[in-house]
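A closer look at the structure
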Amino acid sequence: MYFDALTLAAVVEELRTTVLYGRIQRVVMVGPLTIGLEVYRHARHYYLLASADAQTARIHLISQRPTRGVDGETPFLLLLRKYVLGGRIINIEQPPYERVVLFSIAKPMESRKLTYDRDELVDDVDDDDSASVDSMYHCDLVVEPQDRRSNIILVDDNNTILDAIKRVSPRMSSRVILPRQVYTLPPVPDKRDPLRATAAEIAALTGNDPVKALVRAYRGVSPQIAREVLTRACGSIPQSTQQLPAYIVAARLREIFAEPPAPHLINDEQGPIGFAPYHPIHLLNATSMPSMSSALEAFYTARQQPLGRDRRREELRERLLASREHIERQRDQIAAELSRAAELDRLRWEGEMIFAFLHQLSPRANELIVEGERIVLDPNRSPIEQAQERFKAYEKAKSARSILPERLAETEKRLAGLDQLLALLEIADESHQIDLIAVEAEEAGYLRPSATRRPALRSRPLQIRSSDGLPIYIGRTARQNDEVTFRIARPTDWWLHARQIHGAHVIIRADNPPQQTITEAAALAAYYSQARHDAAVEVDLCRRRTVRKIPGGPPGLVSYHPERTLRVKPQRCGEVVQKW
């Protein structure tokens, strides 16, 4: 979906009727590349979001107060506080057909130092119109939502860049965005004005793809706008530029840029999939929205839920894998020490041989040969001292050898517990589940506790009702697995788990469930396992009473004796009764 020039024009029109001449009360970093502003105008608060993220670059009003999403204070945020916070938006401008919007901000000079160390003002008072022009400091906040070239730039009244949310060096681009450089608008493409489109220009288009031809020929035309224009003109998208109804295409192109905004949201059965500042006829299920910002907020909220989930999953995976490497190194060191401990008998034997053949050793001897084995001696030390040294080393290593197997077993258990968390992380369907796994990893000592205090997370196993009406419980974290197996389940209930791989503990809370319920529970056990994407998975089935915790092991690790094994296709089934 394209955040194109027409969409931005619709947003700018809304901003001029809402935040223009408003006072900026709050500035926060919502994300590493996203800022949020709170603007007070006519006794009302407006919330503005601007993002330079390549995947979600945009600017629009939002319904909820933006919250801080970045720890610490970035240099860009400090400059926004100094030059923007407490300022008043005196102009909002969009260059024709460009994805650029400039906010001109005026701020009393005496208030610049007062806002440097805080991100919001405490009073809801509009700026005094009586302030003289000479006592005001002027700057521009420039938002360029242009996909991978997106940026948010702070420019002073001399058109010099103060800073940007993404700095661009000469090695990265010919358009340099760095402090103390002169700000210039993005270069204007050599294209025609769509409001002056003529039939002759349309007839002169060449190529097999009319959508690309329109995008190449006219400023501000995105692929989505081109498809809409062609659909309005031809009823469907032609396969070639040959024999296009030139007069109609030109008229529809002028029309779509001249008509007032009519925001729409496009949905499918899973939610919002697109937006448009006009009524799109080439897309199905378009719903009229009260504003362009409301359409954008609905679309990006739905889109960022999986994006945020996947980003958190990847970050947590990297941290857990780093922890795993550390524990693996510990295991390898213990194994190496254990292998060296196998040489203990040699130390004892050498000490005994030195004492046994002491009478045969000449002064300053450097070796002793016994049964073809050579014992190296130090000619500068007495044989008795060297024998005693070997016995001391033997006793010390012997005491270490007694605890090494236990330490190795503990390390193996920690690795198994970490592997279980990694497997559950891979199949986590929701952000809440990922957060629970992160908390468990911190509690188990795999990760350092988070610097920010986490809110208490409610954690309950997933409860499903089978087609026979019987309850099925599914653990989706290590502690939930423990709860399902050892708190919820009765000894006579049936317990299921994917065979020889990490995954969820599944319980059928019934003594003698029908075969259909067993099959459904097995399919769920396969689905909530590492083998989710396999065509078929083997699932073990046994009574809960045969399942045992591994002594000293982390939560969720068990041993059991399966009564039977089913081979099923992983899938969701049944009716969700309780999610969390």
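Note that the structure is a prediction, hence the values are computed from the model and not measured. (Residues numbered from 1 in each chain as written. Predicted model: local features only at pLDDT ≥ 70, side-chain atom pairs only at ≥ 80, totals over all residues. Heavy atoms only, no water.)

Here's the deal with the overall build of the chain
Tallying secondary structure elements over the chain gives twelve helices and 23 strands in all. For a compact globule of 580 residues, the expected C-alpha radius of gyration is about 25 Å, and the chain comes in at 35 Å, more than 25% above that figure. C-alpha atoms of the chain, sized along the principal axes, occupy 115 × 70 × 55 Å. Considering the chain as a whole, with its 580 residues, one finds that 47% of them fall into the buried category. Expressed as a percentage of contacts within the chain between residues at least 6 apart in sequence, the contacts between residues at least 24 apart total 63%. (Helix = DSSP H or I, 4+ residues; strand = E, 2+ residues; numbered from the N terminus. Rg over C-alpha atoms; globule rule 2.2 N^0.38 Å. Buried < 20%, exposed > 50% of the residue type's maximum accessible area, 1.4 Å probe, protein only. Contact = heavy atoms within 4.5 Å.)

Comments concerning unusual backbone geometry
Backbone geometry at Ala43 places phi at a positive 65 degrees, although glycine is not the residue there. Relative to the helices and strands, Ala43 is located in the loop between strand S2 (34-41) and strand S3 (44-51). The exposed category is assigned to Ala43, whose relative accessible area is 63%. Of note, the phi angle at Gln243 is positive, near 60 degrees, even though the residue is not glycine. Within the element layout of this structure, Gln243 appears in the loop between helix H5 (223-234) and helix H6 (246-258). Given the relative accessible area of 82%, Gln243 is considered exposed.

Considering the pairing of strand S14 (residues 373-376)
As judged from the four bridges shared by strand S13 (residues 367-370) and S14, these two strands associate in the antiparallel manner. Bridge pairing links Ile369 to Arg374 in S14. Hairpin connection from S13 to S14: two residues lie between these consecutive antiparallel strands, with Glu371 at a positive phi of about 50 degrees. (Pairing = 2+ DSSP bridges.)

Brief notes about the sheet that holds strand S11 (residues 271-276)
Spatially, the three strands line up as an open sheet ordered S11-S10-S12, and their pairing is antiparallel. The sheet is open, and its two edges are formed by S11 and strand S12 (286-288), each paired on a single side. When the angles between neighbouring strand axes are averaged without regard to direction, this sheet yields 35 degrees. (Axes fitted to C-alpha atoms, helices over the stretch in contact; angles between N-to-C directions.)

Some points on the packing of aromatic side chains
According to the stated counting rule, one finds eight aromatic pairs in the structure shown. Here Phe275 and Phe299 contribute two aromatic rings whose centre-to-centre distance is 5.1 Å and whose plane-to-plane angle is 70 degrees, an arrangement assigned as edge-to-face. Here Phe299 lies in helix H7 (residues 292-341) and Phe275 lies in strand S11, a separation of 24 residues in the sequence. Exposure class is identical for Phe275 and Phe299. Each is buried. (Phe/Tyr/Trp six-rings, centres within 6.5 Å; stacked < 30°, edge-to-face > 60°.)

Structural notes on the pattern of salt bridges
Two side chains bearing opposite charge may form a pair once their charged atoms approach each other closely. Counted under the stated rule, the structure contains 34 salt bridges. Ionic pairing is found between Glu259 and Arg232, a salt bridge with its closest N-O pair at 3.5 Å. Of this pair, Glu259 sits in the loop between H6 and strand S10 (264-268) while Arg232 sits in helix H5, and the two are 27 residues apart along the sequence. Salt bridges here are not isolated pairs; linked through shared partners, they connect Arg324, Glu328, Arg331, Asp332, Glu412 and Asp419. (Salt bridge = Lys/Arg side-chain N within 4 Å of Asp/Glu carboxyl O.)

Some details on helix H4 (residues 210-217)
Of the residues making up H4, those classed as buried are Pro210, Val211, Ala213, Leu214 and Ala217. Angularly, the buried residues of H4 cover 165 degrees about the axis, an arc narrow enough to put them on a single face. Residues Lys212 and Arg216 are exposed on H4 and point more than 90 degrees away from its buried face. Contacts from the buried residues of H4 go to helix H3 (199-203) and H5. (Arc of directions from axis to C-beta.)

Looking at the sheet that holds strand S17 (residues 494-498)
The sheet built from seven strands is open, its strands ordered S22-S19-S17-S18-S16-S15-S23 with antiparallel pairing. Only two strands of the sheet have a single neighbouring strand rather than two, namely strand S22 (564-568) and strand S23 (575-578). With strand direction ignored, the average angle separating the axes of adjacent strands in the sheet is 30 degrees. Sheet contacts for helix H12 (residues 515-527): strand S15 (462-465), strand S16 (471-474), S17, strand S18 (506-508), strand S19 (537-543) and S22; angle to S22, the most-contacted strand, approximately 70 degrees.

Quick notes on the packing of H4 against H5
For the pair H4 and H5, the least separation of the axes is 9 Å and the interaxial angle reads 120 degrees. In terms of orientation, H4 lies oblique with respect to H5. Of the two elements, H4 crosses H5, and the hand of that crossing is right-handed. Each of Pro210, Val211, Leu214 and Val215 in H4 lies in contact with H5, whose residues at this interface are Pro223, Ala226, Arg227, Val229 and Leu230. Classifying every residue of the contact of H4 with H5 by side-chain character gives eight nonpolar, no polar and one charged. (Parallel < 35°, antiparallel > 145°, perpendicular 65-115°, else oblique. Left-handed = near helix turned anticlockwise from the far one by under 90°. Nonpolar A, V, L, I, M, F, W, Y, C, P; charged D, E, K, R; others polar.)

Regarding the environment of Pro491
Topologically, Pro491 is positioned in the loop between helix H11 (478-488) and S17. Assessed through its relative accessible area of 45%, Pro491 is described here as partly exposed. It is 9.9 Å that separates the C-alpha atoms of Pro491 and Arg509, two residues lying 18 residues apart in sequence. Residues within four places of Pro491 in sequence aside, it is in contact with Arg543, Arg544 and Arg545.

A few points about the nonpolar core
Ranked by internal contacts, the top residues of the largest apolar core, which has 49 residues, are Phe103 and Leu154. Among all residues touching Phe103, those that are not within four sequence positions of it are Leu15, Leu48, Ile59, Ile89, Asn91, Ile92, Cys139, Asp140, Leu141 and Val143. Leu421, Leu524, Tyr527 and Ala531 belong to the second-largest nonpolar core, a separate cluster that totals 45 residues. (Core = buried A, V, L, I, M, F, W, Y, C linked by side-chain atoms within 4.5 Å.)

Quick look at the packing of helix H10 (residues 431-443) against H11
One way to put it is that H10 packs onto H11 with a least axis distance of 8 Å and a crossing angle of 90 degrees. The angle between H10 and H11 places the two elements in the roughly perpendicular class. Of the residues in H11, those touching H10 at Leu436, Glu440 and Glu443 are Ala478, Arg479 and Gln480. Of the residues assigned to the contact of H10 with H11, the class counts are two nonpolar, one polar and three charged.

Topic: the side chain of Arg390
When you line up the elements, Arg390 lands in helix H9 (residues 383-426). With a relative accessible area of 12%, Arg390 lands in the buried category. A polar atom in the side chain of Arg390 sits 3.0 Å from the backbone oxygen of Val376. Residues in contact with Arg390, not counting those within four places in the same chain, are Leu347, Glu350, Gly351, Ile354, Ile375 and Val376. (Polar contact = N/O pair within 3.5 Å; in protein donor to acceptor, adjacent residues only side chain to side chain.)

What to know about the pairing of strand S7 (residues 136-144)
With seven of its nine residues buried, S7 lies for the most part within the structure. Two strands pair when backbone bridges link them, and strand S6 (residues 101-108) and S7 are joined in this way by eight bridges, in the antiparallel orientation. Bridge assignment links Val101 to a residue of S7, and that residue is Val143. As paired elements, S7 and strand S8 (residues 151-156) share six bridges and run antiparallel to each other. Within S8, the residue paired with Cys139 across the bridge is Asp156. Here S7 folds back onto S8 in antiparallel fashion, the turn holding six residues, of which Asp147 has a positive phi close to 55 degrees.

Any functional reading would require information that these geometric values do not contain.
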